[in-house]
Amino acid sequence: MGRLEGKTAVITGGNSGIGLAAAKRFVAEGAHVFITGRRQEELDKAVEAIGSGVTAVQGDVSHLDDLDRLFATVRAERGRIDVLFANAGLGALAPLGAITEASFDLVFDVNVKGTLFTVQKALPLMQAGGSIILTGSTTGSMGTPAFSVYSATKAAIRNFARSWALDLKGSGIRVNVLSPGPTTTPGLFNALARMGSQDAIIAGLVAQTPIGRMGLPEETAAVALFLASDDSSFMTGSEVFVDGGMAQV
Ligand code: NAP
């Protein structure tokens with residue numbers, strides 16, 4: 001029997017990278033998984049790759065109407081949510097002095113506002129035993145050049161979990177942060193490609209990591225499974241790093 005047998009999970013940003021790896025793993029462990037993302041074509045490819053036990057609902061987490069449509073679909077098809085993985089996120093690189101209002105608004109809208117309203121709008125479908133996982137980042141605890149806005153959104157997410165663990169006291173619903181280090185996803189590689197000198201940046205990231213390599217999305221998905229399952233039943237308000245030691249030394 002799988003570790004999520006019969007459970008219903010929602011994974012935002014489930015058509016790529018860490019979210020897609022988690023969707024595959026959760027389905028393999030017996031869950032029915034709803035995945036979201038803005039790009040319908042990537043959602044279609046993800047559904048094809050996963051095969052069964054998955055429903056795709058296109059939408060943008062920073063648009064509250066899209067979230068309403070997502071959770072109305074989950075309510076109609078499954079009636080409940082056991083695991084919510086609020087994972088959709090993006091970043092834009094710019095050093096202090098070159099940060100635009102548009103990029104600030106985009107990154108905060110998706111990462112902070114999107115995470116907040118994803119969780120708030122899912123709550124009526126959750127009950128005791130439910131698990132909420134927020135995707136943070138090592139950058140939330142470290143300084144990273146040209147990445148302050150993104151890093152600040154991840155620090156905000158870390159505090160959401162601390163505060164929401166208190167707001168959810170007595171509900172039986174747990175909330176934890178899963179913070180990856182550099183992980184081989186399309187999101188990271190596309191961001192590095194836009195900057196040029198991709199190889200030098202990757203070499204620099206690897207050099208900062210005690211394990212001496214980048215992480216795989218499947219390695220983050222394995223820890224997402226732990227946080228989703230009852231194996232982590234005495235954990236709430238925590239941050240779990242899957243970072244090869246990068247932010248631990
Ligand atoms: P990815 O491959 O680009 O995946 C990001 C996912 O988020 C995609 O499915 C994307 O789908 C979705 N998304 C982005 N904006 C969205 C929006 N407004 N509404 C709905 N979905 C949206 O990147 P990833 O590396 O797996 O990133 C997943 C999470 O891990 C993010 O929160 C990221 O900050 C975090 N993280 C990644 C790393 C790393 O090194 N890879 C390290 C630390 C933290 P659409 O584009 O179709 O919308």
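Residues numbered from 1 in each chain as written. Predicted model: local features only at pLDDT ≥ 70, side-chain atom pairs only at ≥ 80, totals over all residues. Heavy atoms only, no water.

S.K.: Outline the overall build of the protein chain, supporting the account with residue identities and numerical values.
M.R.: Across its full length, the protein chain carries eight helices and seven strands. Overall size of the protein chain, expressed as C-alpha extent along the three principal axes, is 45 × 35 × 35 Å. Counting every position in the protein chain, which comprises 249 residues, the buried fraction comes to 50%. Partitioning the contacts of the protein chain with sequence separation of at least 6, the portion at a separation of at least 24 is 70%. Summed over its atoms, the accessible surface of the protein chain is roughly 11200 Å², and 55% of this surface lies on carbon and sulfur atoms. Placing the 20 positive and 23 negative side-chain charges of the protein chain at their respective mean positions leaves the two points 4 Å apart. (Helix = DSSP H or I, 4+ residues; strand = E, 2+ residues; numbered from the N terminus. Buried < 20%, exposed > 50% of the residue type's maximum accessible area, 1.4 Å probe, protein only. Contact = heavy atoms within 4.5 Å. Areas by Shrake-Rupley, 256 points an atom, 1.4 Å probe, with all protein chains shown as cover. Lys, Arg positive; Asp, Glu negative; His and termini not counted. Charge placed at Lys NZ, Arg CZ, Asp CG, Glu CD.)

S.K.: I'd love a proper account of the nonpolar core, names of residues and values included.
M.R.: The biggest cluster of nonpolar side chains holds 34 residues, and the ones touching the most others in it are Val 10, Phe 71, Ile 81, Leu 84, Ile 132, Leu 134 and Val 175. Broken down by secondary-structure element, the contributors of at least two residues to this core are helix 3 (64-77), strand 4 (83-86), helix 4 (101-122), strand 5 (131-135), helix 5 (148-167) and strand 6 (174-180). Ranked by residues supplied to this core, first place goes to helix 5 with seven residues. By size, the runner-up hydrophobic cluster in this structure holds 29 residues, among which are Ala 22, Ala 31, Ala 46 and Ile 133. (Core = buried A, V, L, I, M, F, W, Y, C linked by side-chain atoms within 4.5 Å.)

S.K.: An account of the site of the ligand is needed here, citing residue identities and associated values.
M.R.: Around the ligand lies a shell of 30 residues, among which Asn 15, Ser 16, Arg 38, Tyr 150 and Thr 185 are the nearest. Separating an oxygen atom of the ligand from a backbone N or O atom of Asn 87 is a distance of 2.8 Å. Within the side chain of Thr 185, a nitrogen or oxygen atom sits 2.6 Å from an oxygen atom of the ligand. Relative to its free-state accessible area of 870 Å², the ligand is covered by the protein chains to the extent of 93%. Take the shell around the ligand: its biggest share by element is three residues, from helix 6 (residues 186-195). Considered class by class, the residues forming the shell around the ligand number ten nonpolar, 16 polar and four charged. (Near = heavy atom within 4 Å. Polar contact = N/O pair within 3.5 Å; in protein donor to acceptor, adjacent residues only side chain to side chain. Nonpolar A, V, L, I, M, F, W, Y, C, P; charged D, E, K, R; others polar.)

S.K.: Go over the packing of aromatic side chains, please, and point to the residues and values.
M.R.: Within a pair of aromatic rings, the relevant descriptors are the distance that separates the centres and the angle that separates the planes. This structure, assessed with the given rule, holds three aromatic pairs. Between Phe 147 and Tyr 150, the aromatic rings sit 4.4 Å apart at their centres with planes inclined by 20 degrees, giving stacked as the arrangement. In this structure Phe 147 comes out as buried when scored by relative accessible area, which is 17%. Aromatic pair Phe 160 and Trp 164: ring centres 4.4 Å apart, planes at 10 degrees, arrangement stacked. Here the residue Phe 160 and the residue Trp 164 both occupy positions in helix 5, the gap between them amounting to four residues, near one helical turn. (Phe/Tyr/Trp six-rings, centres within 6.5 Å; stacked < 30°, edge-to-face > 60°.)

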